[in-house]
Amino acid sequence: MKKIHIRSFGCQMNKLDTALVSSALKDAGFSLTNGAKEADVVLINTCSVREHAEQRVLSHLGHLKHIKENKPDMVVGVIGCMAQRLGAQLLEHNAVDIVCGPNQIPQIGELVTEVLQEKKKRLAVTEKIRTASPDSEALEEFESAYGIADKAIPSQVFVRAMRGCNKFCTYCIVPYVRGPEVSRPPEAIIEQIKKLADNGVKLVTLLGQAVNLYQYKAGDKTYCLADLLYLASQVKGIEWIRFLTSYPQEEFYDEILSAMAELPKVCNYLHMPAQSGSDKILKAMNRNYTAGQYLAMLDRARAIVPGIAIAGDFMVGFPGETEEDFDATVELVKEARYKNCFVFKYSPRPGTRADKRMEDDISLEVKRTRNIELLAVQEKISGELSKEFLNKEVKVLVEGLSKKPHLDCAGGRNLPQLVGRTAEDWIVVFNGQEDLAGEFAKVKITRTSPLTLFGELAS
Ligand code: 5AD
Ligand code: SF4
């Protein structure tokens, strides 16, 4: 039995693809291994969203080239966004035998088998990525067949609601590597969720680049995300439902939030990136809303769903971002009162409009300073919000051992440190039996930090 090692970089979409590929390969008779050194095949699922993500992959490939010097028969495959972006160029790398884009993952088993047998390099990417995808049917079949088995975290899985993206934010590579927006049929999604529930899954997270714009026409009816939430809520066994990521747009917005308010299983959590607080920069990013409109949407979310936790993404150092523009971003973050937000330094991506038409004119030093400043503003807010949980009891879905469970074994060897999340996505750390992983638990919060709540099992 050949051994495969898969390493994954990038977003939740990539994690989901990695899970699908792992199940498909297991099904095809391969065994999975944690180390690259003992593997016959190493697959790297890659991300292109920032240059840094690609550099990490390239340095990993350098390392694999080294291993291959003593193990010339080892097969190395690059899958995912970087495979689609670089294609044949990546195949020229000494270490690489397979390059397989995100739309070609249904072929991965075949590609690996062929390369193991024939020792010839293989390329599988979409030539014209923006034309309607001929791979759609194969992807749908692949997704239904393998979207059930692999649970990296017990009791929870990602389920794709839509592929691709049509938003064309000027900085973003996604539309060029994942292709046009395609919403999956609601019955396929619900069927998948039912099977997952039968397999013990309690939390599903519906995924899409702009998942709130999910739209599927079937006869006279057009299904939107709110419809999906209603349908998913009816599935017995599923207890929590989340969705990621939302694009700030009015269409369907109130409907989705009303569904959240109405349906107890839908978690009160919204991840809706603003990217900037400057109207000038938002326009240059092709984001189609102003800071004022965005904040009004957050107000409405809080009115419709009291207690909703909101998370955001921001980019600093976009071309032309002045101190005033950055100040506007700081102001927006202060007003938005996010639970948490992610801050990224702008990184020009080849082929995007920002890269072609705008100069990357903000120095790395300024980007770094702004990144640190914005995170500090958010940290203060997160710290204030997390303090409100002190002495309260929260319900969490336990994920498993915390990253460093040995550091705080207050409860002794049998009660290691565990980590779980609340419905609103707050991270909670506490001591408990390892077999609580995948179960719900009640935790009384005794200490807080900006991003983490600490507590004790309540029952
Ligand atoms: N440079 C830096 N950050 C980016 N993101 C997307 N494209 C880029 C880029 N070119 C960020 C956005 C997005 C998150 C997933 O990554 O903030 O929301
Ligand atoms: Fe995910 Fe985008 Fe990175 Fe691809 S490029 S892995 S879609 S974040």
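Residues numbered from 1 in each chain as written. Chains lettered and ligands numbered in written order. Predicted model: local features only at pLDDT ≥ 70, side-chain atom pairs only at ≥ 80, totals over all residues. Heavy atoms only, no water.

### Details of the site of ligand 1
With respect to spatial proximity, the complete set of residues near ligand 1 consists of V49, R50, Y171, Q275, D313, M315, F344, K345, Y346, S347 and R349. Within the side chain of D313, a nitrogen or oxygen atom sits 2.7 Å from an oxygen atom of ligand 1. In the model, a nitrogen atom of ligand 1 is placed 2.8 Å from a nitrogen or oxygen of the S347 main chain. The protein chains hide 86% of the 400 Å² of surface that ligand 1 would expose on its own. Of all the secondary-structure elements, those providing two or more residues to the shell around ligand 1 are strand 15 (309-316) and strand 16 (340-345). Considering only residue class, the shell around ligand 1 consists of 5 nonpolar, 2 polar and 4 charged. (Near = heavy atom within 4 Å. Polar contact = N/O pair within 3.5 Å; in protein donor to acceptor, adjacent residues only side chain to side chain. Areas by Shrake-Rupley, 256 points an atom, 1.4 Å probe, with all protein chains shown as cover. Helix = DSSP H or I, 4+ residues; strand = E, 2+ residues; numbered from the N terminus. Nonpolar A, V, L, I, M, F, W, Y, C, P; charged D, E, K, R; others polar.)

### Things to note about helix 12 (residues 291-304)
Taking 1.5 Å of rise per residue, the 14 residues of helix 12 would be expected to cover 20 Å, and the 20 Å separating its terminal C-alpha atoms lies within 8% of that figure. Listed as buried for helix 12 are A291, Y294, L295, M297, L298 and A301. One face of helix 12 carries all of its buried residues, which in axial projection span an arc of 150 degrees. Exposed side of helix 12, more than 90 degrees from the buried face: D299 and A303 are the residues found there. (Expected span 1.5 Å × (residues − 1). Buried < 20%, exposed > 50% of the residue type's maximum accessible area, 1.4 Å probe, protein only. Arc of directions from axis to C-beta.)

### A short note on the environment of Q215
Within the element layout of this structure, Q215 appears in strand 11 (residues 215-218). In sequence terms Q215 and Y289 are 74 residues apart; their C-alpha atoms lie 21 Å from each other. Each residue touching Q215, except ones within four places of it in the same chain, is listed here: S183, T222, Y223, E251 and F252. (Contact = heavy atoms within 4.5 Å.)

### Here's the deal with the sheet that holds strand 16
Pairing is parallel across the open sheet formed by 3 strands, whose spatial order is 14-15-16. Each edge of the sheet is formed by a strand with only one pairing partner; in this case those strands are strand 14 (269-271) and strand 16. The mean angle between the axes of side-by-side strands here comes to 10 degrees, regardless of whether they run parallel or antiparallel. (Pairing = 2+ DSSP bridges. Axes fitted to C-alpha atoms, helices over the stretch in contact; angles between N-to-C directions.)

### Things to note about the side chain of T126
For T126, the position within the fold is in the loop between strand 6 (122-124) and helix 6 (136-146). A polar side-chain atom of T126 sits 3.0 Å from a polar atom in the side chain of Q104. Leave out the neighbours within four places in its chain, and T126 touches Q84, N103, Q104 and D135.

### Examining the nonpolar core
The nonpolar side chains of soluble globular proteins are, as a tendency, buried together. With 88 residues, the main nonpolar core has I193, L206, L229, F243 and Y338 as its most contacted residues. Sort the elements by how many residues they give to this core and helix 12 lands first, with 6 residues. Core analysis: the second largest hydrophobic core is formed by 29 residues, I4, A24, C100 and L116 among them. (Core = buried A, V, L, I, M, F, W, Y, C linked by side-chain atoms within 4.5 Å.)

### Remarks on the environment of V316
Relative to the assigned elements, V316 resides in strand 15. Here V316 falls in the buried class, since its relative accessible area comes to 0%. For V316 and L374, which are 58 residues apart along the polypeptide, the C-alpha to C-alpha distance reads 8.8 Å. Those residues in contact with V316, other than ones at most four positions away along the chain, are E321, F326, V343, F344, K345, Y346, K367, R370, N371 and L374.

### Some thoughts on the sheet that holds strand 2 (residues 31-32)
Pairing within the open sheet is parallel, and its 6 strands lie in the order 2-1-3-4-5-6. Taken across any chain shown, the strands that pair with only one partner, and hence form the sheet edges, are strand 2 and strand 6. Sheet topology places strand 4 (residues 75-80) next to strand 5 (residues 98-100); 3 bridges connect them, and they run parallel. Within strand 5, the position partnered with V78 by the bridge is V99. Against the sheet, helix 1 (residues 12-27) makes contact with strand 1 (3-8), strand 2, strand 3 (41-46) and strand 4, and its axis sits at roughly 175 degrees relative to strand 1, the strand it touches most.

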